[in-house]
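Chain by chain, the residues run as shown.
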Amino acid sequence: MAKLALSDEILMAVDKPSRYIGNEINMVVKDPEKVDIRFAMCFPDVYEIGMSYLGIQILYDMFNRREDTYCERVYSPWPELDRIMREQGIPLFSMETQSPIRDFDFLGITIQYEMCYTNILQVIDLSGIPLLSKDRTKEDPIVIGGGPCTYNPEPVADFFDIFYIGEGEECYDSLLKLYKTYKNSDMTRREYLRQASSIPGIYVPQMYDVSYNEDGTIRSILPAEEGVPDEVVKVVVNDFSAASYPMKPVVPYLRATQDRVVLEVMRGCIRGCRFCQAGMIYRPTRQKPVELIKEYAETMLKNTGYDEISLSSLSTSDYEQLPELMDYLIGHFPDQHIQISLPSLRIDAFSLDVMKKVQDIHKVSLTFAPEAGTQRLRNVINKGLTEEDILSGVTQAFAGGWNKVKLYFMMGLPTETIEDVEGIPELCEKISEIYFDTVPKEQRIGSLQITASASYFVPKPFTPFQWAPMLDRQSYLDHAHHARDHFRKMRNAKRMKFAFHDEDISLMEGIYARGDRRLSALVLEVYRQGGIFDAWTEFFSMQRYRDAMESLGIDPEFYLTRARSVEEVLPWDHINCGVSKQFLIREWENAKKEQVTPNCREACQGCGAARFGGGVCFEG
């Protein structure tokens, strides 16, 4: 075991010292002296959150299968340790060898959520790496970002050397091969980045110049040098069955947020919900063969000791071989009492047979997301879910023994009215009435409990709503309070709970989501004023952001409540996610007309994802 970077005194002084000591089950051990490339893979949040992210487990396994590379992990130190490290001059270190991150060749940061931006600076700063890419030399690691936020990376463009656009299993070979040439030659850092920009899926912000109009909108985003591509097209794994997958995932000492075997059954989604960025950027939809998933399940359970399996995808009920997979998982491990988690199920596709089988093993709440309270608004967002589907589904669920229902909604969706807001408690009331009408008293176990929560809708890049104004703060609060008051008027109000999300964090998420490169100054200023862990309400300070925006002359409403025309140059227009702008414009118009678009299996809509040559676009 490597000598720990933190002394016993420090470890005894912090909460959950096992966040920092490494040496977990299935941790990869290599000799750093016997590899060409050292890659520090970072999730810029606390250990328990980062260890739950499947993407890092996949890349960790993929990199460490290479003989020339040693991939280690690093997470954001909790604020108490952050303070100690700064006071005592302790550099940020890796989990595996407890080595300073500055000694690595690459620092790869997964950017899953906009409100982790200040934590990115925390990681870079504690590593002793210059915060700005332009200030780094050949002695510094290459800082590379990946994940969903890289589809608009502009608000953090100044801090990254490279962004990887697309699925990480695909194009790292070329990047690492070029790096070995760079490392062992007199090639400059600028030359390396210039050559890297020609690799598919690689976006180098320094290689693009952004100009602005007098009104603050973008005039152009153009290559800064000859030979740099006009746009960066995402990379996609076409042979999903052959893609690297971690058969021996690292098992943490303390309970992670997702502490179980995770089986990715499908990537992408056929549904086309107009608010959902993931449903657009992960196209085309690709499924893994059921026999392969069975093999994965058996191997991973054996290698981890877990007793729970989660089936991961954006819409698990759309996995065509789900019934066969469920029968196998339930029947093949009778003595191990394996629990099965089925996230992302659609109520209209919820099989009563599957529900009963899961219930026999692990009784959980029925969770689903109507997203909107009225059918009109569900049509606007293209949810593809009718009220009849919802009520029929909960009728089956109640018949199967469920009495706890969780429902997720959004407020502030385009075209939302007060009637749509009132539709949320009214839909919950209809669900409660079904329970009392269909479940005889003698069959009721416990009491009915309906929990509804509403989040503040944030328009995201590469969705049909990328042009929509975000609902202003006061209107969101008015709608949320109106919904709460309307819940109290319901006949079965005592059986219902309603909560709504923090408005200020959502507002900052909205500013960053559609922000441009000028916002790098905001991230930097907030970090310098002490902002870290902004995704956590106990550490987030809206006043800190207001002060920073005022000092920098940034108008938040320019990014939030301003409607964009479809002709405007957007900060991410030089990135191509495979879904065409023409398709998004067509869907934006359909939304305003309240027209529903069929899902990908019902009829191809010509979104552009067929260019990748695989998945649902070519099924049958």
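One structure accompanies this document, and this report is about it.

Turning to the pairing of strand β3 (residues 106-110), a few remarks are in order. Taken across its 5 residues, β3 has 5 buried, putting it largely inside the fold. Burial along β3 is two-sided: the residues F106, G108 and T110 and L107 and I109 are all buried. Bridge count for β3 against strand β4 (residues 142-146) is 5 bridges, and the pairing is parallel. Following the sheet pairing, T110 is matched in β4 by G146. Traced from β3 through helix α5 (residues 117-126) to β4, the parallel crossover comes out right-handed.

Moving on: a negative patch on the surface. On the surface, D472, D478, D555 and E557 cluster together into a patch of negative charge. Topologically, D555 is positioned in the loop between α18 (542-552) and α19 (556-559).

In this section: α5. Extensive coverage of α5 is indicated by the burial of 9 of its 10 residues. Within the sequence span of α5, burial applies to Y117, T118, N119, I120, L121, Q122, V123, I124 and L126. Positive backbone phi, at 80 degrees, marks G128, one or two positions downstream of α5.

Strand order in the open sheet formed by 4 strands is β15-β16-β17-β18, with parallel pairing between adjacent strands. The open sheet has two edge strands, β15 (366-371) and β18 (496-500), and neither has a second partner. Strand after strand, the sheet turns through a mean of 20 degrees between neighbouring axes, direction not considered. Strand direction decides the pairing type here: strand β17 (residues 449-456) and β18, joined by 5 bridges, are parallel. Each residue of the ladder has a partner; that of A452, found in β18, is F498. Strand contacts of helix α13 (residues 387-399): β15 and β16 (404-411), with the helix running at about 175 degrees to β15, the strand carrying the most contacts. Against the sheet, helix α15 (residues 473-488) engages β16, β17 and β18, with an angle of about 175 degrees to β18.

This brings us to the sheet that holds strand β10 (residues 261-264). Here we have 3 strands laid out as an open sheet, ordered β10-β13-β14, and parallel in their pairing. The open sheet is flanked by β10 and β14 (339-341), the only strands paired with a single partner. Geometrically, the sheet is characterised by an average inter-axis angle of 25 degrees between neighbouring strands, direction not taken into account. Sheet analysis places strand β13 (residues 308-312) next to β14, joined by 3 bridges and oriented parallel. Within β14, the residue paired with S310 across the bridge is S341. Against the sheet, helix α9 (residues 290-304) makes contact with β10 and β13, and its axis sits at roughly 160 degrees relative to β10, the strand it touches most.

Following the sequence through the fold, E503 ends up in helix α16 (residues 503-513). Those residues in contact with E503 that sit more than four places away from it in its chain are Y456, R473, Y476 and L477.

Tallying each qualifying case throughout the model produces 34 aromatic pairs. Taking 4.5 Å as the distance between ring centres and 25 degrees as the angle between the ring planes, the aromatic pair formed by F39 and F63 counts as stacked. Of the two residues, F39 is situated in strand β1 (residues 37-43) and F63 in helix α3 (residues 54-64); the sequence distance between them amounts to 24 residues. In this pair, the class of F39 matches that of F63, namely buried. Judged by centre distance (5.9 Å) and plane angle (75 degrees), the rings of F465 and W588 are edge-to-face. Taken together, the positions of F465 in the loop between β17 and α15 and W588 in helix α20 (residues 581-592) put the pair 123 residues apart, joining distant regions of the chain. Taken together through their ring pairs, the aromatic side chains of F39, F63, F106, Y164, Y172, Y179, Y182 and Y192 make up a single cluster. Positioned above the aromatic ring of F240 is the side chain of R286, whose terminal nitrogen or guanidinium carbon lies 5.8 Å from the ring centre.

It is the contact of helix α17 (residues 520-528) with α18, at a shortest axis distance of 9 Å, that shows an interaxial angle of 130 degrees. When the axes of α17 and α18 are compared, the pair comes out oblique. Judged by the twist between their axes, the crossing of α17 over α18 is right-handed. Across from A521, L522, E525 and V526 in α17, the residues of α18 making contact are R544, Y545, A548, M549, S551 and L552. Looking at the contact of α17 with α18 residue by residue, the classes come out as 7 nonpolar, 1 polar and 2 charged.

Reading the values: the criteria
Residues numbered from 1 in each chain as written. Predicted model: local features only at pLDDT ≥ 70, side-chain atom pairs only at ≥ 80, totals over all residues. Heavy atoms only, no water. Buried < 20%, exposed > 50% of the residue type's maximum accessible area, 1.4 Å probe, protein only. Helix = DSSP H or I, 4+ residues; strand = E, 2+ residues; numbered from the N terminus. Pairing = 2+ DSSP bridges. Right-handed = clockwise from strand over helix to strand, strands pointing away. Patch = residues over 30% accessible without salt bridge, like charges linked within 9 Å, V, L, I, M, F, W, Y side chains within 5 Å. Areas by Shrake-Rupley, 256 points an atom, 1.4 Å probe, with all protein chains shown as cover. Salt bridge = Lys/Arg side-chain N within 4 Å of Asp/Glu carboxyl O. Lys, Arg positive; Asp, Glu negative; His and termini not counted. Charge placed at Lys NZ, Arg CZ, Asp CG, Glu CD. Axes fitted to C-alpha atoms, helices over the stretch in contact; angles between N-to-C directions. Contact = heavy atoms within 4.5 Å. Phe/Tyr/Trp six-rings, centres within 6.5 Å; stacked < 30°, edge-to-face > 60°. Lys NZ or Arg CZ within 6 Å of the ring centre and 35° of its normal. Parallel < 35°, antiparallel > 145°, perpendicular 65-115°, else oblique. Left-handed = near helix turned anticlockwise from the far one by under 90°. Nonpolar A, V, L, I, M, F, W, Y, C, P; charged D, E, K, R; others polar.

All quantities given are derived from atomic positions and should not be read as evidence of function.
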